[in-house]
Amino acid sequence: MMDRPSDGRLALLLLLGHMITALEVPLDPKLLEGLPQPPTITHQSPKEYIVDPRENIVIHCEAKGKPHPSFSWTRNGTHFDIDKDPKVTMKPHSGTLVIDISGGEKADAYEAVYQCTAHNQLGSALSNRIIIRQSRSPLWSKEKFSPIVAQEGQSLVLHCRPPAGLPPPIVFWMDNNFQRLPQSRRVSQGLNGDLYFSNVLLEDSRSNYICYARFPHTQTIQQKQPIAVHVIDLDSLNDTMADYFNDTDLFSDKPVDERAPVFLVPSGSLSSQMVLRGEVLELECIADGLPTPAVSWTKLSGEIPGRRASLMNFNKTLRISDVSEADAGEYRCAAGNRLGSVHHTITVSVRAAPYWISAPRNLVLAPLETGVITCRARGHPKPHIRWSMNGLPIEDAPKDPSRKVEDDSIIFSEVQTGSSAVYQCNASNQHGYLLANAFVNVLAEPPRVLTAPNKVYQVIENRPALLECLFFGSPVPAVTWFKDSRSGMLEGDPYVFHKNGTLEIHVSQAVNGGKYTCVARNNLGISENHVYLEVKEPTRILRPPEYRVVQRNRDVLFECKVKHDPSLIPSTSWLKDGGELPDDDRFRAHLDSLTIRGVTESDAGTYTCVTNTSLDQDSASARLTVVGQPDAPTDLELTDPGARSVQLTWTPGHEHNSATKKFLIQYEDGLHQSGVWLNLTEVPGTKTTAHLKLSPYAHYSFRVLALNGVGYSRPSIPSRQYRTNPAAPDENPSEVKGHGTEHNNLVITWKPLTGLQANGPGLQYTVLWRQQGVEKDWTSVSVANVSKFVVSGTPTFVPYEVMVRAQNAYGPGPEPAAVIGHSGEDFPSAAPGMVAVVVLNSTLAEVHWEHVPARSVRGRLQGYKVHYRRERSLHRHNSHHGEQRSESFGPNRTRGKLPDLHPFSVYSLHVTAFNSRGEGPASATQRYETPEGVPGVPSFFRVSASDLDSLTLEWAPPHERNGRLTGYTLRYQTVNSSHDVGLLDEMDLLSNQSSVTLHNLHHSTRYKFYFSAKTQQGSGPALTEEAVTILHRAPAMRPAFGNVSSSVSEDGALISWEYWGPEKHLYVEYIIDNSDEDWHTEKVNGSQFHVLKGLKEGLSYKVRVVAGGREDERSRRRSEELLVTLPAMVSPQVDIATQGWFIGLMSAIALLILILLIVCFIKRNKGGKYPVKEKEDAHGDPEIQPMKEDDITFGEYSEEDRKPLRVSRTPSSGTVPRDGSEDSLVEYADSGDTQFNEDGSFIGQYSGRSGPPSPVINSLV
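My aim in this report is to walk through the structure given alongside it, one point at a time. Nothing here was measured: the structure is a model prediction, and the numbers come from that model. (Residues numbered from 1 in each chain as written. Predicted model: local features only at pLDDT ≥ 70, side-chain atom pairs only at ≥ 80, totals over all residues. Heavy atoms only, no water.)

With respect to the overall build of the protein chain
No. 1: Secondary structure summary: the protein chain contains seven helices and 94 strands in total.
No. 2: Buried residues in the protein chain amount to 39% of all 1261 residues.
No. 3: Look at the contacts in the protein chain between residues 6 or more apart in sequence, and 64% of them connect residues 24 or more apart.
No. 4: Put simply, the protein chain shows about 69600 Å² of open surface, and 50% of that area lies on carbon and sulfur atoms. (Helix = DSSP H or I, 4+ residues; strand = E, 2+ residues; numbered from the N terminus. Buried < 20%, exposed > 50% of the residue type's maximum accessible area, 1.4 Å probe, protein only. Contact = heavy atoms within 4.5 Å. Areas by Shrake-Rupley, 256 points an atom, 1.4 Å probe, with all protein chains shown as cover.)

Structure follows, in structure tokens:
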């Protein structure tokens, strides 16, 4: 049975890659071990094989088969016995020949046509006929060239004519410094290597035009002898003719005029060219002419192929790659200059060497099966098909009744075991040939599934799934598919079954996932395999990057939000213009975004987000446009000068991707305002010229700024200075006004002219005025360098006509227009009358008055003002005095309303009239009362106690009672966890109540309360509160504080306590006992004691410890109050050391001791002994004995503790000092009054110390 190719998309997934037969061989190694296979050529040298004569010749021939094939060669059609030539060897297990020419043998001795045969017991396969030729790079023939003299403007051709090589050389022109000669539309190299000049110039003179030929196979370069060219004009030709007469061709002595084009290549008007299909077509037209002609190409019989065609060599060469039959036809090249044109038509014919339509393919058949080997090829002319079997022409091969040859096919029917062979198809015409091997292998094998077992296929949803079931068997097995439980064979939609066993699902869905089983059967057995399909969600970019327009040096962010299958791991990368991102730290690519910091113009482009998984990818692109401020305009030029105008032109700067909207022209007046640039005019961004209108008497410099969507450019470089001549003023001062600042003056003001408006030097102002309707003549005065003039002695508030005229040294300005002004106003002299107040409600009153007489206004009436003030509240608890307020009303009003009054209050008011000078006298004061209103919110409202069925509520009256309180209204209702509310209960409470207890409530229930105060006018706004009755009565709460105690020392009162509460913020509060002042508070820093300092002696203080915030009164916890009394100042005790009698006694004792010392000294000098020393040594001085631990005791604090503590101490050296002064120092070392002088000596006095004990000792108590 014959295997035919599938029409599906799985052609590349079949068993042998490029083969589509289900039983193609070779198979995997395990299968190959037991299957015979005829030979197959796997690698061979090219048909045209050019070898390097310096290297060994290697002719490849590799083949496979079972058993492994042996190899033989023919040379020029006869058997090549390689054993007879010691230089020729064949590689082991290969047919590749190696010809060793390293010993000096010439490669051309082995030039021939070689063909390899691979054969085993099943047949023979042939290679192509391989033509071996040696590469050649012959030398140039020695030539001597005379210098070429050319007249300027003539055409010239320098011939190269390189030696013929194998393969042909590559030609190029250089000088003797190996620098390529410059080529252009005028000078170019032709396809034949010649150098063509359409016309020569003097600069073409050169002595070293050298043609080089590079032979690519041997990598050698051959050089032609240099050619010298001298280009001369007609004047120089006569001077040089004698020098070159004997050696040079002489040109005409007429000058070379401009001429129409003439083709140098090709000649004539028609030519033809043949090219083979698949090769490169090159058509060339090079023209002579002056000026240099331009060349163009057209195809008369169709279009020149756009993608495969290119113009080269300055449009002189048309190159078409991969030529097809459609490229045949007529091509016309045209060369033209301003004097004319010339045409040439090239007829191109396309021939074709044979090429495959259907190459023969290997055929594996079971006994008694039928099959066909087909060999179809095309070419021009049509190729001839010849068949061979095992290398022999088919007509000479052994006869086989199962084989029948019909033109390009061999039909096999009911083949028998032993009919295996290799068949060769040769398709040839005059341009070449094709040779292909195809074997017929007759096998009898049970089915084998070759796809790996339990293979998992993953596919993206809505994409095709291809499940392989690669198999082998002879006869060809039939393949069926099952899914999951194998309840039934798969068939119909959505499944497609390919002949190679592959199962295709066109559009995969989640329901298609699961376990699939393929079963292969033939008459010799059965085989099956399991595979699995997983359908994944597609990867999609949900939020792609968007087009961005960003200014330079700004940051830009591109987003790329991706959705993917949870089981797949995505990776996101970013591209710029299809390539990698620049290696720059400014580019920060994240999982779902790209940030570019400080963008520059080079960052502009297209950015693409590419998200990949192992199965699919998605991408999205966005363009980044970087814009910036435009560059400054340049090349400012002034033209068309006039007395009061000039033309300004400029060149725009770079726009930086944002179109210029307009140009701003500024000027500097170097005469009046040097260094100050002012705006003159604007012009649209499409113009680069402006006609500027100027003022006289100015020194102008101009600059231009460009504006685009980003902003203004830097200013251009200023233009040259342009000066205008002076003239009389063109205008008068503006904003002329007349008004009074006093009741008897008129102040005339105006806006002065600028230096540019003055039009000339000597600017002055003529001020003119007259009383309107009274005076006929104008009064005038001339002033300079001022902008106002004061006219004194005017009547109060009368109209004046006012004018101001400019003049300079060149004349006055135009006639000014008169302006009406008024002299100064005075305060109104009368107060509004008949003032009355109507109270509309508790917060609004209306005031009425009569107009003041017009003559009393003494100016222009601006309106009326009502001044009012809250004097007091009618409630005895609130006597607040309000600040003065006022309301203004227009001059035509005789009434006005006073809003936002306080209810239940007494107000006073008066009314005044006012003009621009100020207010007149006040009307008589009117008093009125506002009625009661609704009260404000209560001061506070809270739940103070909660029980099982009751809640206690507390409150305080409102700060703003706005009347006499008549009581309170309490409304309440239950609220559950879903915020549903119950029925609303209401109760009225008396005005003197401040608490109430609600009984018979539900336990463990939340209640919401609404509490408001009321007067006779109604209830005010309500406060709300929520509370919950308790579920069970909790045991008595343990007090938060315990063991609060105090002790007094010289540093202050030490307060200590124990605290078991949760609050972290603790405070100590104290107040003088029986005083009305506020409690003083000091914060405790995390300890359980605190020292109160700065308390006054002799006073008693109440002290308590507080936990919780000072803001929330309800959450605070306090200890019991402690009474701490500080003792009064104790009078100093009488120190015996300061008494007179004690001092006298001590002085007498000191005198006696001195006398005794003198006597002892005298006696000692006489040699006698003094027994005092022995006694002292024997008994010791009790005053200097070391202190025992029992000498110091600490007991309860008492007045005795205030006395000085006498302690004898042993010096740190361990010795007892003998000097009595040391005793004094030790005895009074603890005295608080002890002092030392500058050298450290003791200067304290013998005195005790009274006062409180040390805090350290007190703390131990």
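Considerations on the packing of aromatic side chains
No. 1: In total, this model carries 27 aromatic pairs according to the counting rule given.
No. 2: For the pair Trp 650 and Phe 663, a centre-to-centre distance of 5.3 Å together with 65° between the ring planes defines the contact as edge-to-face. Of this pair, Trp 650 sits in strand β58 (residues 645-651) while Phe 663 sits in strand β59 (residues 662-669), and the two are 13 residues apart along the sequence. Assigned by exposure class, Trp 650 and Phe 663 land together as buried.
No. 3: Aromatic rings pair up to connect Phe 558, Trp 574, Phe 587 and Tyr 607 into one cluster. (Phe/Tyr/Trp six-rings, centres within 6.5 Å; stacked < 30°, edge-to-face > 60°.)

Brief notes about the environment of Arg 1104
No. 1: Within the secondary structure, Arg 1104 sits in strand β92 (residues 1100-1107).
No. 2: Filtering out sequence-adjacent residues up to four positions away, Arg 1104 remains in contact with Tyr 1067, Val 1068, Glu 1069, Trp 1079, Arg 1118, Ser 1119, Glu 1120 and Glu 1121.
No. 3: In terms of polar contacts, Arg 1104 uses its side chain to reach the side chain of Glu 1069, at 2.8 Å. (Polar contact = N/O pair within 3.5 Å; in protein donor to acceptor, adjacent residues only side chain to side chain.)

Side note on the sheet that holds strand β51 (residues 571-576)
No. 1: If you trace the five strands from one edge of the open sheet to the other, you get β48-β56-β55-β51-β52, paired in mixed fashion. Bordering the open sheet on either side are β48 (548-551) and β52 (579-580), each of which pairs with just one other strand.
No. 2: In terms of strand pairing, β48 meets strand β56 (residues 617-627) through four bridges, oriented parallel. Its bridge partner being in β56, Arg 548 is matched across the sheet by Leu 624. (Pairing = 2+ DSSP bridges.)

Here's the deal with the nonpolar core
No. 1: The biggest cluster of nonpolar side chains holds 30 residues, and the ones touching the most others in it are Ile 57, Ile 59, Trp 73, Ile 99, Tyr 114 and Ile 132.
No. 2: Listed by contribution, the elements that provide at least two residues to this core are β2 (48-51), β3 (57-59), β4 (61-66), β5 (70-75), β8 (97-99), β9 (112-120) and β11 (130-134).
No. 3: Ranked by the residues each element gives to this core, the list is headed by β9, at four residues.
No. 4: For Ile 132, the residues in contact, after removing those within four places along its chain, are Tyr 49, Val 51, Ile 57, Ile 59, Tyr 110, Glu 111, Ala 112 and Tyr 114. (Core = buried A, V, L, I, M, F, W, Y, C linked by side-chain atoms within 4.5 Å.)

Things to note about a nonpolar patch on the surface
No. 1: Residues Leu 1151, Leu 1152, Leu 1154, Ile 1155, Ile 1158, Val 1159, Phe 1161 and Ile 1162 make up a contiguous nonpolar surface patch of about 760 Å² in total accessible area.
No. 2: If you trace the backbone, Phe 1161 turns up in helix α4 (residues 1140-1165). (Patch = residues over 30% accessible without salt bridge, like charges linked within 9 Å, V, L, I, M, F, W, Y side chains within 5 Å. Salt bridge = Lys/Arg side-chain N within 4 Å of Asp/Glu carboxyl O.)

A closer look at the sheet that holds strand β74 (residues 861-873)
No. 1: The antiparallel open sheet is built from four strands, whose spatial order is β75-β74-β77-β78. The open sheet is flanked by β75 (885-889) and β78 (926-929), the only strands paired with a single partner. When strand polarity is set aside, the average angle formed by the axes of neighbouring strands in this sheet is 25°.
No. 2: The pairing of strand β77 (residues 905-915) with β78 spans four bridges and is antiparallel. Bridge pairing in β78 links Ser 908 to Arg 927. (Axes fitted to C-alpha atoms, helices over the stretch in contact; angles between N-to-C directions.)

Brief notes about the side chain of Ser 658
No. 1: Within the secondary structure, Ser 658 is located in the loop between β58 and β59.
No. 2: Ignoring anything within four residues of it in the chain, the contact list for Ser 658 reads Val 627, Asn 708, Gly 709 and Val 710.

Some points on the pattern of salt bridges
No. 1: Enumeration over the complete set of coordinates arrives at 40 salt bridges.
No. 2: Across the pair Arg 597 and Asp 555 runs a salt bridge, and its minimum N-O distance is 3.5 Å. Here Arg 597, found in the loop between β54 (593-596) and β55 (605-612), pairs with Asp 555, found in the loop between β48 and β49 (556-559); they are 42 residues apart in sequence, far enough to count as distant.
No. 3: For Arg 597, a relative accessible area of 41% puts it in the partly exposed group.
No. 4: Across the pair Arg 917 and Glu 742 runs a salt bridge, and its minimum N-O distance is 3.4 Å. With a gap of 175 residues between them, Arg 917 in the loop between β77 and β78 and Glu 742 in the loop between β64 (734-739) and β65 (745-751) connect regions that are remote in the sequence.

Just distances and angles here, no functional claims.
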